[in-house]
Structure formats: structure tokens, C-alpha cells
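# Notes for the structure review
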Amino acid sequence: MADFTITSPRGAELFSYLPAYYESSRVMQADMNAKGTEMDALYTALNETLDQFFVRTATWGLDRWEYELGIETDRTKPIEQRRSLVESKLRGAGKFSGRLVKNVAEAYDGGKVDVSFQPAEWGFTIKFVDTIGIPPNLEDLKSVIEEVKPAHLAVKYEFSYLLIRDIEGIMTLNQMEYTPLSKFAGGA
């Protein structure tokens, strides 16, 4: 007669706590496997619920974060964009400063951002340093910046693009073929 195999990690752990005379008992092995399977499911649910308390790991809990922050839920957006919107909204609280704008913009972009002020022009510029081309969620960033900036200040956005000197002798034709035109200067 073949031995029963315990498939549940927690079931195997439970079984290890039993006395040695149960090692050959298929009934006890099946019992510990069944209990372990339930415990595995419980721990999975607990860990998944815990993930919802943190913006960077939230999935189905993002709806709640968006509701609490007054953000319209748009499930057509990628989850990373939704998370960055929530995170930047959380970072966007406080007195307006270059550091605040930088924190909010970097939460969206995920790369380095420089912020410079032009007092004579009553404005400031957000320059995306690490990102090539226009970030995919720029419209969300613009709306959050409009919320945190004083109404009398104008904002400009500067982007980095690939130039001939950046790709000549560095990228192969195959690599250039798979690079979107929006990453190149003058691209669509």
C-alpha cells in the first residue's frame, strides 16, 4: 500500500509535531494535510489583506485608498500608475516647496526629477532627468501638481529625448526598431 503524501507546507509542519508512532498512519497524514491546507489558505488571505495597508503592495485595496484621497477610480489604468497617483497624493500634503513638487513628481515617474523656480516669470519647471520621452501618466501628474501649487504660479515640463549622439554607435538597428518614436527628439 502506497504512503499518503502531505502536499501542504503547514500540514507537513503540523505533522512534524506529532509523536513518531503516527509516521505510518495515513489517517493522521490526511488529517494534517487537510488542516494544513486550510491554514495555508488562511495565511495567504492574511498576507494579502496586510498588503492592502501599504500603497506599494495594494491591489484590490487601491479602491479604498483612492476613495479616501478623493481620487476617481479608473481600473483601465495600470496598477502601477494608480499606486503612483495615490502615493503622490499622500506626499503632496504640506507647505508648497520645491521639495514637495520633487517628491510628488518622483512618485509618479519613479526616476529623478529636477525642480527649478523662475521667480521673475512667476513659475517653475519640472525636468524629468532619468525618464526618456514623456511619462505615460503625465496627465495624472499634471492634475496633482495643479492641486498642490499656488494658483499664481505657472508650471512647465521638460523632457529628455534620445538624440543622434545618444544612439550612434551605442544602439543597434534592432534596438532602435523596438524603441518607441516618442523616445526620440522629434518623434510623435
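This report concerns the structure included in the present document. (Residues numbered from 1 in each chain as written. Predicted model: local features only at pLDDT ≥ 70, side-chain atom pairs only at ≥ 80, totals over all residues. Heavy atoms only, no water.)

Let us now look at the overall build of the protein. Looking only at helices and strands, the protein has 8 helices and 3 strands in total. For the protein, the sequential pattern of α-helices and β-strands runs α-α-α-α-α-β-β-α-β-α-α. Against the globule reference of 16 Å for 188 residues, the protein gives a C-alpha radius of gyration of 26 Å, more extended than a compact globule. Expressed along its principal axes, the backbone C-alpha trace of the protein runs to roughly 85 × 45 × 25 Å. Looking at the protein as a whole, 32% of its 188 residues qualify as buried. Put simply, the protein shows about 12300 Å² of open surface, and 58% of that area lies on carbon and sulfur atoms. Of the charged side chains in the protein, 21 are positive and 28 negative; the average position of the first set lies 6 Å away from that of the second. (Helix = DSSP H or I, 4+ residues; strand = E, 2+ residues; numbered from the N terminus. Rg over C-alpha atoms; globule rule 2.2 N^0.38 Å. Buried < 20%, exposed > 50% of the residue type's maximum accessible area, 1.4 Å probe, protein only. Areas by Shrake-Rupley, 256 points an atom, 1.4 Å probe, with all protein chains shown as cover. Lys, Arg positive; Asp, Glu negative; His and termini not counted. Charge placed at Lys NZ, Arg CZ, Asp CG, Glu CD.)

It is worth spelling out the environment of Val101 at this point. On the secondary structure map, Val101 appears in helix 5 (residues 98–109). Between the C-alpha atom of Val101 and that of Pro78, which follows or precedes it by 23 residues, the distance is 23 Å. Among all residues touching Val101, those that are not within four sequence positions of it are Phe96, Val115, Phe124, Ile126 and Ile145. (Contact = heavy atoms within 4.5 Å.)

A word on helix 6 (residues 138–148). Buried within helix 6 are the following residues: Leu138, Asp140, Leu141, Val144, Ile145 and Val148. Angularly, the buried residues of helix 6 cover 155° about the axis, an arc narrow enough to put them on a single face. Among the exposed residues of helix 6, those oriented more than 90 degrees off its buried face are Glu139 and Glu147. (Arc of directions from axis to C-beta.)

This part takes up the environment of Asp63. Mapped onto the elements, Asp63 comes out in helix 3 (residues 62–69). Non-local contacts of Asp63, meaning those with residues more than four positions away in its chain, are made with Thr73, Arg75 and Arg82. A polar atom in the side chain of Asp63 sits 2.7 Å from the side chain of Arg82. (Polar contact = N/O pair within 3.5 Å; in protein donor to acceptor, adjacent residues only side chain to side chain.)

Before going further, it helps to spend a moment on unusual backbone geometry. Notably, Trp122 is not glycine yet its phi reads approximately 55°, a positive angle. With respect to the helices, strands and loops of the structure, Trp122 is situated in the loop between strand 1 (113–118) and strand 2 (123–132).

Attention now moves to the packing of aromatic side chains. Geometrically, a pair of aromatic rings is defined through the distance of the ring centres and the angle of the planes. Scanning all chains against the criterion turns up 5 aromatic pairs. For the ring pair Phe96 and Phe124, a centre distance of 5.6 Å and an interplane angle of 55° mean the geometry is tilted. In this pair, Phe96 is assigned in the loop between helix 4 (79–91) and helix 5 and Phe124 in strand 2, connecting sequence segments 28 residues apart. Judged by relative accessible area, Phe124 falls into the buried class, the value being 1%. Between the aromatic rings of Phe128 and Phe159, the centroid separation amounts to 5.5 Å while the plane-to-plane angle is 5°, which identifies the pairing as stacked. With a gap of 31 residues between them, Phe128 in strand 2 and Phe159 in strand 3 (residues 154–160) connect regions that are remote in the sequence. Exposure remark for Phe128: the relative accessible area of 0% places this residue in the buried category. By relative accessible area, which is 23% here, Phe159 ends up partly exposed. Positioned over the ring face of Tyr43 is Arg10, at 3.9 Å from the centre of the ring. (Phe/Tyr/Trp six-rings, centres within 6.5 Å; stacked < 30°, edge-to-face > 60°. Lys NZ or Arg CZ within 6 Å of the ring centre and 35° of its normal.)

Once that is clear, we can look at the side chain of Arg82. By the element assignment, Arg82 lies in helix 4. What Arg82 contacts, discounting residues up to four positions off in sequence, is Leu62, Asp63, Glu66, Thr73, Asp74, Arg75 and Lys77.

Turning our eyes to something else, we now look at the nonpolar core. In terms of nonpolar packing, the biggest core is built from 24 residues, with Val104, Phe124, Ile126, Phe128, Leu141, Ile145 and Tyr157 touching the most fellow members. Looking at this core, the elements with two or more residues in it are helix 4, helix 5, strand 2, helix 6 and strand 3. (Core = buried A, V, L, I, M, F, W, Y, C linked by side-chain atoms within 4.5 Å.)

Let us look at the packing of helix 1 (residues 9–16) against helix 2 (residues 26–51). Packing of helix 1 against helix 2 leaves a shortest axis separation of 6 Å and a crossing angle of 130°. Taken as axis vectors, helix 1 and helix 2 run oblique relative to one another. The way helix 1 lies across helix 2 gives a crossing that is right-handed. In this structure, helix 1 uses Pro9, Arg10, Gly11, Leu14 and Phe15 to contact helix 2, whose residues at the interface are Met28, Gln29, Met32, Asn33, Lys35, Gly36, Met39, Asp40 and Tyr43. Among the residues making up the contact of helix 1 with helix 2, the classes are represented as 7 nonpolar, 4 polar and 3 charged. (Axes fitted to C-alpha atoms, helices over the stretch in contact; angles between N-to-C directions. Parallel < 35°, antiparallel > 145°, perpendicular 65-115°, else oblique. Left-handed = near helix turned anticlockwise from the far one by under 90°. Nonpolar A, V, L, I, M, F, W, Y, C, P; charged D, E, K, R; others polar.)

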